[in-house]
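Residues per chain, in single letters:
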Amino acid sequence: MAEIRFAGYGGQGIIRSGIIVGKGASIYDNKFSTMNQSFGPEARGGACSSQVVLSDTKVLYPYVTVSDVLVAMSQEGYDMFEPELSDKGILLVDEDLVKINPPRGKIKILSIPSTRIAEELGNRIFANVVMLGFFTAITKLVSKEGMEKAVADSVPSRFINLNLKAFQAGYDYKKE
Amino acid sequence: MNPIITAFANGIKKSGVELSNMVLVSDIPFEPEIIKELGVDFFHITRGRAIAFGTGLKLGNPDLKIVAFIGDLMTLGGNHLVHSGRRNMEMLVICVNNFVYREIAGTPAPSVSPGFSAFSTFEKPFNAPHLANSCGAVFTARWTALHTNDLTNSIANALDKRGFSVIEVLSPGPNFYKDINQIDSELLDFYYKNSVTKNNEDTRNVEITPGEKIITGEFTDKEKPTFIDTYNAQLSKILGDKFIPHGGQSGGD
Amino acid sequence: MKANPRDVNTGTYYMDGDVAAGHGALAAGCRFIGGYPITPSTEAAETFARIAPKAGAVFIQMEDELGSIASVMGASWSGVKTMTITSGPGYSLMMEIIGLGAMIEAPFVILNIQRGGPSTGVPTKTGQADMMQSRWGSHGDYEIIAISPDSPQELFDYTIKAFNLSEKYRCPVMIMSDECVGHMSEKVVIPPAEEIEIEPRRFYNGPKEKYLPFKPDQDLVPKMVKAGDGYNLYITGLVHDERGYPITNQKEKGKRQQFPTRRLVDKIRLNADKIIELNEEGMDDAEVVVVSYGISYRVAIRGIEKAREKGIKVGNLRLITVWPFPDKKITELASKVKAFVVPEINYGQIVFEVERCSHGQANVVLIPHGGAGVHNPDDIAEAIEYAVKEKKKIRKVIEWKTRLEKFVFEGGYKLNK
């Protein structure tokens, strides 16, 4: 059982990230998952988050209470959801977008310039997929194969290769 | 029998429309005997919703010929009128314009003209054929209930049209349930004698104005793709072979 | 009867509840949806509009919700299965014609993805405050069926069931879901068509001249024909006899009015046992029973787990069918347990039904919520703990002070006494 929170702003693919993780787990890894989203009335640019509950059995209570993983792609998202993160949780941030506070408890902090990597690959729109690759390598909550299938399944067919490349770039990023 | 119903029955005969395919939707409770005599299916529903109800009937079974007999066309039914004109939903609307809700004496309807209502009103009335025409109706006409032959012909013409047609009939009292009383007959006679027929008149000029002649006639008669035509065209474009066109005589299959 | 393979997009998907409901409607054989977009139900309509044309079904965006529901009535009598999709203010607008639907016994389904209210309320967030409106929203006496799914898979499965019930009983069937379930994504398995059971329309096939549109069968439901099939139908929203003709005789009106409306009510009440679907667990030695529905059921589970960790014997009763209300079940439980705990996202609707049926035998605790979110499971656990300890019989609904309520009252108003 793991509770995951993605936070950022509209247009970053935050909700899509939640769908991909949920799909990877429950369709391709045969686990159970529930994905919930929340966004303000303004879709693009506004604060936005998605939450995924992963489990080996049917998910009953569908929401995050204490998150095991927080993926923060914006300062606002980090500020809002950092308190929700478990003392033993994992925090993944886009290092160019989020300035983090001094460490709390045994939280494992890992950062990646996901937006910059995506821009180097041609478009910052892949930033969330880079982050998903990183997420997969670090947390091992969903199999790499499952995630790749879910990524391929969730983007227009002409962009599959670019997305998989972005995913791999995140997956291979130095884990410090 | 009520002169409008007589004209309607004759209009059906003249148009050659299959009776069994015809469904009458109305917010007026017709007498069952009249419906039996007409030989059509009849739905008496909540006020003003006949066009919307008819839309469902038509899209559920595109072979049906829908006629909406409406008392509450421009009030409760206003939005349905406006949008069915816009999308050219195939049906005939017969608007029985009695100027006042007879059963709620003195309460004016939006088509009331100051000169006609017992208690009068200061509001400007709707010009029904112009409203329908502006919204996109392919056929509009106005007659009084005493123009039996003209009304019959217009009903036949409208039934033969593919699209949204509106005929306004000036008639005192929507109440088909009871006999038309003496005052009503007088009023009906007044309408008839004060009318002048001007076919193809621009609908902008057919407003009913107190003290002036009521203009009757067939005003609009044009061709336009129906809702089902445009639906089929659009979805064929998007879906190609995967699309199952929406059937019936107007479905183009 | 099995579903038509053309209507069933068999497969395993990761989709939200709204989308699943759109697929469920088509699989159930729905041929027509008249709707008007409103958050948070729009995705269901969008889904149907996208998949319907490949199966010969139609979606039309009507001019408003009144038009939507009226078109659904018309399509129903044209002989096809129909639904409309709405939420919040849209649902309120539909009330007038729901009564017409009950009166002319048109089978139809309404999907209500409930949101926070009243009025515009909280369009993008949840609520469960339309439960009584479903039951009593249109004027006059009639009965409806309402079911409350708790997951995207159930929004698929129970949309089909809603259609089946509406065809079987010829009454309005409401799918009373909410924003949480509608916008929640989970795995949804759409089975092959041959595994989906659908209820065909109860068409009449006797001699044409003998057809009486409102003559009931043994189960009190009359048989139907299609408009345009030459039956010379007379169908009216006025009180009518078996022929469908309005009852006009003033002397008889009072007496004869009893028959048609009585049957509209009885065809559901007397068949209630066949209609009601419940899910119960841990009842054998329960001292307290949590009664919940929809998303509140899934939230309550966490509260129940917490209470059980403390050794409290809690039963869990989920109302899958909310209307007709399971009177018998609640009364039977009331004689065995100390209390009922009812969490719902409103300030008390279904809880009063529970109180009514418990006939003063068990205490009834409401855990209220003003909407735009779900309960804190700790509140539910604490309410259970209180309910099991309370020795007095308190002859009114006990309103539990949740954390949220405390917050509201601390920072908010006080009533001057």
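Look a little higher up for the structure.
Residues numbered from 1 in each chain as written. Chains lettered and ligands numbered in written order. Predicted model: local features only at pLDDT ≥ 70, side-chain atom pairs only at ≥ 80, totals over all residues. Heavy atoms only, no water.

Draft legend 1. Summary view of the interface of chain B and chain C. If you look at the interface, chain B gives 41 residues, while chain C gives 44 residues. Surface buried jointly by chain B and chain C totals about 3,300 Å² across both partners, of which 63% is contributed by carbon and sulfur atoms. Taken together, the connections running from chain B to chain C amount to two salt bridges. On the surface where chain B and chain C come into contact, there are 18 residue pairs in polar contact (both at pLDDT 80 or more). Of all elements in the fold, only helix 2 (32-38), strand 2 (41-44), helix 3 (50-60), helix 4 (78-87) and helix 8 (227-239) of chain B reach the threshold of two or more residues within the side of chain B that touches chain C. Split into classes, the residues belonging to the side of chain B that touches chain C amount to 22 nonpolar, 13 polar and six charged. Pairing analysis gives three bridges linking strand 2 of chain B to strand 10 (residues 234-236) of chain C, with the strands arranged parallel. Looking at the pairing, Phe43 of chain B lines up with Ile235 of chain C of strand 10 of chain C. (Contact = heavy atoms within 4.5 Å. Buried area = accessible area lost by both parts, 1.4 Å probe. Salt bridge = Lys/Arg side-chain N within 4 Å of Asp/Glu carboxyl O. Polar contact = N/O pair within 3.5 Å; in protein donor to acceptor, adjacent residues only side chain to side chain. Helix = DSSP H or I, 4+ residues; strand = E, 2+ residues; numbered from the N terminus. Nonpolar A, V, L, I, M, F, W, Y, C, P; charged D, E, K, R; others polar. Pairing = 2+ DSSP bridges.)

Draft legend 2. Expanded view of the sheet that holds strand 15 (residues 339-343) of chain C. All names here are of chain C. Across the sheet, which stays open at both edges, the six strands sit in the order 11-13-12-15-16-17 with mixed pairing between neighbours. Of all the strands in the sheet, the pair left with one neighbour each is strand 11 (278-281) and strand 17 (398-399). Taken together, the four bridges between strand 11 and strand 13 (residues 314-319) define a ladder with antiparallel strand orientation. Across the sheet, the residue bridging to Leu278 is Leu319, located in strand 13.

Draft legend 3. Broad picture of the side chain of Arg263 of chain C. Counting through the fold element by element, Arg263 of chain C comes out in helix 9 (residues 258-269). When neighbours within four sequence positions are excluded, Arg263 of chain C is seen to be in contact with Glu105, Phe214, Pro216, Leu220 and Pro222 of chain C.

Draft legend 4. Here's a closer look at the environment of Val265 of chain C. Residues and elements named next belong to chain C. Along the chain, Val265 falls in helix 9. Owing to a relative accessible area of 5%, Val265 belongs among the buried residues under this scheme. Taking C-alpha positions, Val265 is 9.6 Å from Ala102, a pair spaced 163 residues apart along the chain. (Buried < 20%, exposed > 50% of the residue type's maximum accessible area, 1.4 Å probe, protein only.)

Draft legend 5. Spatial organisation of the sheet that holds strand 4 (residues 91-97) of chain B. Taken together, nine strands build an open sheet; the order of strands is 7(B)-8(B)-5(B)-6(B)-4(B)-3(B)-1(B)-2(B)-10(C) and the sheet is mixed. Strand pairing shows two members of the sheet lacking a second neighbour, strand 7 (195-197) of chain B together with strand 10 of chain C, which therefore form its edges. Adjacent strand axes in the sheet meet at a mean angle of 20° when their direction is disregarded. Pairing of strand 3 (residues 65-70) of chain B with strand 4 of chain B involves four bridges; the strand directions are parallel. In the strand pairing of strand 4 of chain B, Val67 of chain B is matched with Leu92 of chain B. Along the sheet face, helix 6 (residues 148-159) of chain B touches strand 1 (22-26), strand 3, strand 4, strand 5 (139-144), strand 6 (164-170) and strand 8 (214-221) of chain B and points at about 160° away from the line of strand 5 of chain B. (Axes fitted to C-alpha atoms, helices over the stretch in contact; angles between N-to-C directions.)

Draft legend 6. Focus on the pairing of strand 5 (residues 85-94) of chain A. All names here are of chain A. Burial of strand 5 is extensive: eight of the ten residues sit out of reach of the surface. Pairing of strand 4 (residues 67-72) with strand 5, which is carried by five bridges, proceeds in the parallel orientation. Looking at strand 5, one finds that Ala72 is bridged to Val93. Remark: the strand 4/helix 2 (residues 75-81)/strand 5 crossover connection has right-handed handedness. (Right-handed = clockwise from strand over helix to strand, strands pointing away.)

Draft legend 7. Summary view of a nonpolar patch on the surface. Residues and elements named next belong to chain C. There is a patch of nonpolar side chains on the surface, built from Leu404, Phe407 and Val408 and spanning about 290 Å² of accessible area. Examined against the element boundaries, Leu404 turns out to sit in helix 15 (residues 403-411). Given a relative accessible area of 41%, Leu404 falls into the partly exposed group. (Patch = residues over 30% accessible without salt bridge, like charges linked within 9 Å, V, L, I, M, F, W, Y side chains within 5 Å. Areas by Shrake-Rupley, 256 points an atom, 1.4 Å probe, with all protein chains shown as cover.)

Draft legend 8. Region of the structure containing the interface of chain C and chain A. Contacts between the two partners involve 18 residues from chain C and, on the opposite side, 19 residues from chain A. Around 1,600 Å² of area is buried between chain C and chain A when both sides are counted, 56% of it from carbon and sulfur atoms. Of all residues in chain C, the largest losses of buried area upon contact with chain A belong to Tyr14, Arg298 and Arg302 of chain C, amounting jointly to 39% of the total for that side. Viewed at the interface, chain A and chain C are joined by zero salt bridges. At the junction of chain C with chain A, the criterion picks out five residue pairs in polar contact (both at pLDDT 80 or more). Secondary structure elements with two or more residues in the side of chain C that touches chain A: strand 1 (11-16), strand 9 (185-190) and helix 11 (295-309) of chain C.

Draft legend 9. Geometry of the packing of aromatic side chains. Summed over all chains, the structure comprises 18 aromatic pairs over all chains. On the basis of an interplanar angle of 50° and a centroid distance of 5.8 Å, the ring pair of Phe6 of chain A and Phe135 of chain A is categorised as tilted. Of the two residues, Phe6 of chain A sits in strand 1 (residues 2-9) while Phe135 of chain A sits in helix 4 (residues 127-139), which places them 129 residues apart along the sequence. Here the aromatic rings of Tyr231 of chain B and Phe243 of chain B are separated by 5.9 Å at their centres, their planes lie at 65°, and the arrangement is edge-to-face. (Phe/Tyr/Trp six-rings, centres within 6.5 Å; stacked < 30°, edge-to-face > 60°.)

Draft legend 10. Representation of the nonpolar core in the model. Of all hydrophobic cores here, the largest spans 96 residues; its most connected members are Phe43 of chain B together with Phe340 of chain C. Those residues within four positions of Phe340 of chain C in sequence are excluded, and the remaining contacts are Val289, Val291, Ile330, Leu333, Ala334, Val354, Ser358, Ala362, Asn363, Val364 and Val365 of chain C. (Core = buried A, V, L, I, M, F, W, Y, C linked by side-chain atoms within 4.5 Å.)

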